[in-house]
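Architecture and fold: a report
Chain by chain, the residues:
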Amino acid sequence: MIPSILPTYARAPLSFVKGEGSWLFEADGRRFLDFGAGIAVNALGHAHPALVDALTQQARTLWHTSNLYHIPNQQALADRLVAHSFADTVFFTNSGTESCELAVKMARKHFFEKDMPERVNIIAFEGAFHGRSSAGIAAARSEKMTRGFGPLLPGFTHLPWADHAALDAAITPETAAILIEPIQGEGGIRPLPDQCLKGLRDLCDAHGLLLILDEVQCGMGRTGRLFAHEWAGIEPDIVMVAKGIGGGFPLGAVLATESAASGMTTGSHGSTYGGSPLACAVGCAVMDEMTAPGFFDHVSRVADHLRQGLERLVATHPSVFEAVRGSGLMLGLKCTAPNTDVLQAAYDACLITVPAADNALRLLPPLTVSREEVDEALARLDRAARQIAGPAPATT
Ligand SMILES: *Cc1c(COP(=O)(O)O)cnc(C)c1O
């Protein structure tokens, strides 16, 4: 008999009933250190006082009106995002995949309104993840997400990761945009080197293409800056945001330059819930915390500490871990042992991590994680690795 919840997830036998900072409380009373943060969503940890205040105050005042009217919180959040980024304009969504839908529509409309309606094709990359909507699965085109769901939305070209020659050859008069994650998340924490992101910017400029970045996972402070692309010193045309921007409340956004967004005229797009008073009250509180002096310094400092500890773990347990990769607090352990075994052993040590493709394990703690909590997570990972590696070989 089909379960009352559609069985599309293989769930771990864990039910959390309460969260506090970097900690989750299991129904049976165990305390788990949360280095998954709801897959990079709880950017400020669980039950952050500023977010709880923002949400409860707004809940007592006004939940929902409509985008038929002005929404002061939405205006305030858009102004903050524009002030702190490359963007001139913002559209609010409720999820990453909705941001993908709009990014694709916006790019196509941009060229349509510029009398280049043939430019509809979007170049995306193997190992990418852009969500589960029709555009999202067509853009990423993994076997798992697309099998049986055809016909797929046309207009996407797929290239291997880091194949420059293939990229040059793939650009045609029908190409509208290049879509890429500055750090692949689901793909196994694969960072795009800054030099390559600069190269993509140059390539887009040379061919008049739009550069669309999916920063749903790597954006909103994850790498120690508001957006990951800032490290490369480039400005994209369109950026997809979600996950961390709501700190756990459903909220997403598409950020764009005035030129990229020029085709999006009145009536051309909309959303019932996008940018609601509740969501934007929380989004403003998230932005206030992240842009407060010292916030990103803290992220960079604890991230360095975590990375150094992970490098030591890799050196100590070569039969379990192969390498550390990623940036800031978006780190991955490429595993030697099956990543599902390491995930399970970490659960046994009451540590939450998140598996990813390429036999990687993701470490995505709240950005507010303390140095002491990082030390505790490293100790728990060490315990997990010992459990997998078995007894140490006898010294001779
Ligand atoms: C999670 C994610 C998405 C999809 O976000 P949803 O909110 O689940 O729709 C898209 N792109 C990236 C890079 C993601 O990590």
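Rules used throughout
Residues numbered from 1 in each chain as written. Predicted model: local features only at pLDDT ≥ 70, side-chain atom pairs only at ≥ 80, totals over all residues. Heavy atoms only, no water. Helix = DSSP H or I, 4+ residues; strand = E, 2+ residues; numbered from the N terminus. Rg over C-alpha atoms; globule rule 2.2 N^0.38 Å. Buried < 20%, exposed > 50% of the residue type's maximum accessible area, 1.4 Å probe, protein only. Contact = heavy atoms within 4.5 Å. Areas by Shrake-Rupley, 256 points an atom, 1.4 Å probe, with all protein chains shown as cover. Lys, Arg positive; Asp, Glu negative; His and termini not counted. Charge placed at Lys NZ, Arg CZ, Asp CG, Glu CD. Near = heavy atom within 4 Å. Polar contact = N/O pair within 3.5 Å; in protein donor to acceptor, adjacent residues only side chain to side chain. Nonpolar A, V, L, I, M, F, W, Y, C, P; charged D, E, K, R; others polar. Core = buried A, V, L, I, M, F, W, Y, C linked by side-chain atoms within 4.5 Å. Domains from an automatic or database assignment. Pairing = 2+ DSSP bridges. Salt bridge = Lys/Arg side-chain N within 4 Å of Asp/Glu carboxyl O. Buried area = accessible area lost by both parts, 1.4 Å probe.

What the protein chain contains, in helices and strands, is 12 helices and 17 strands. Rg of the C-alpha trace for the protein chain: 21 Å, near the compact-globule value of 21 Å for 396 residues, within the 12% margin. Expressed as lengths along the three principal axes of its C-alpha atoms, the size of the protein chain is roughly 75 × 55 × 55 Å. Here the protein chain, with 396 residues, has 52% of them falling under the buried criterion. Partitioning the contacts of the protein chain with sequence separation of at least 6, the portion at a separation of at least 24 is 71%. Roughly 17,900 Å² of accessible area belongs to the protein chain as shown, and the carbon and sulfur atoms make up 55% of that amount. When the 31 basic and 42 acidic side-chain charges of the protein chain are each reduced to a single mean position, those positions are 4 Å apart.

The environment of the ligand is formed by Ser95, Gly96, Thr97, Phe129, His130, Gly131, Glu181, Asp214, Val216, Gln217 and Lys243. Backbone polar atom of Phe129 to a nitrogen atom of the ligand: 3.2 Å apart, as the coordinates give it. Between the ligand and Asp214 there is a distance of 2.7 Å, counted from a nitrogen atom to a side-chain nitrogen or oxygen. Partitioned by chemical class, the residues of the shell around the ligand number 2 nonpolar, 6 polar and 3 charged.

Moving on to the nonpolar core. Ile178, Leu255, Leu310 and Phe321 are the most contacted members of the largest nonpolar core, which totals 88 residues. A per-element tally of this core places helix H10 (residues 295-316) first, with 9 residues. Of the domains in this structure, domain 1 (16-40 + 293-389) and domain 2 (49-290) are the two that each give at least three residues to this core. By size, the runner-up hydrophobic cluster in this structure holds 25 residues, among which are Val104, Ala138, Leu210 and Ala256.

Two strands pair when backbone bridges link them, and strand S13 (residues 321-327) and strand S14 (residues 330-335) are joined in this way by 6 bridges, in the antiparallel orientation. Each bridged residue has a counterpart across the sheet, and for Phe321 the counterpart in S14 is Cys335. Connecting S13 to the antiparallel partner S14 that follows it, the hairpin turn spans 2 residues, and Gly328 within it adopts a positive phi of roughly 60 degrees.

A word on the side chain of Ser99. On the secondary structure map, Ser99 appears in helix H4 (residues 96-113). Here Ser99 falls in the buried class, since its relative accessible area comes to 0%. In terms of polar contacts, Ser99 uses its side chain to reach the backbone carbonyl oxygen of Val241, at 3.1 Å.

Tallied over the full model, the rule gives 13 salt bridges. The closest approach of N and O atoms between Arg190 and Glu126, which form a salt bridge, is 3.3 Å. Taken as a pair, Arg190 in strand S9 (residues 190-191) and Glu126 in the loop between strand S5 (121-125) and helix H5 (134-140) lie far apart in primary sequence, 64 residues in all. Taking the shortest distance from any N to any O, the salt bridge between Lys334 and Asp358 comes out at 3.5 Å. Of this pair, Lys334 sits in strand S14 while Asp358 is found in the loop between strand S16 (354-356) and strand S17 (360-363), placing the two residues 24 residues apart along the sequence. For Lys334, a relative accessible area of 16% gives the class buried. The network of salt bridges with common partners includes Arg201, Asp205 and Asp237.

As a further point, take the domain arrangement of the protein chain. In terms of domains, the protein chain is made up of domain 1 (16-40 + 293-389) and domain 2 (49-290). Taking only C-alpha atoms into account, the centre of domain 1 sits 27 Å from that of domain 2. The partner domain 2 presents 22 residues to the 24 residues of domain 1 that form the contact. Here domain 1 meets domain 2 over a buried area of about 1,800 Å², counting both sides, of which 62% is carbon and sulfur. Among the residues of domain 1 in contact with domain 2, Ala40, Phe296 and Met330 are the three that bury the most area, contributing 36% of the side total. Between Glu186 and Arg362 there is a salt bridge, with its nearest N and O atoms 2.9 Å apart. There are 8 residue pairs in polar contact (both at pLDDT 80 or more) connecting domain 1 and domain 2. Where the side of domain 1 that touches domain 2 is concerned, the elements lending two or more residues are helix H1 (37-40), H10, S13, S14 and S17. Counting residues per element, the side of domain 1 that touches domain 2 draws most heavily on H10, which supplies 4 residues. Of the residues assigned to the side of domain 1 that touches domain 2, the class counts are 16 nonpolar, 5 polar and 3 charged.

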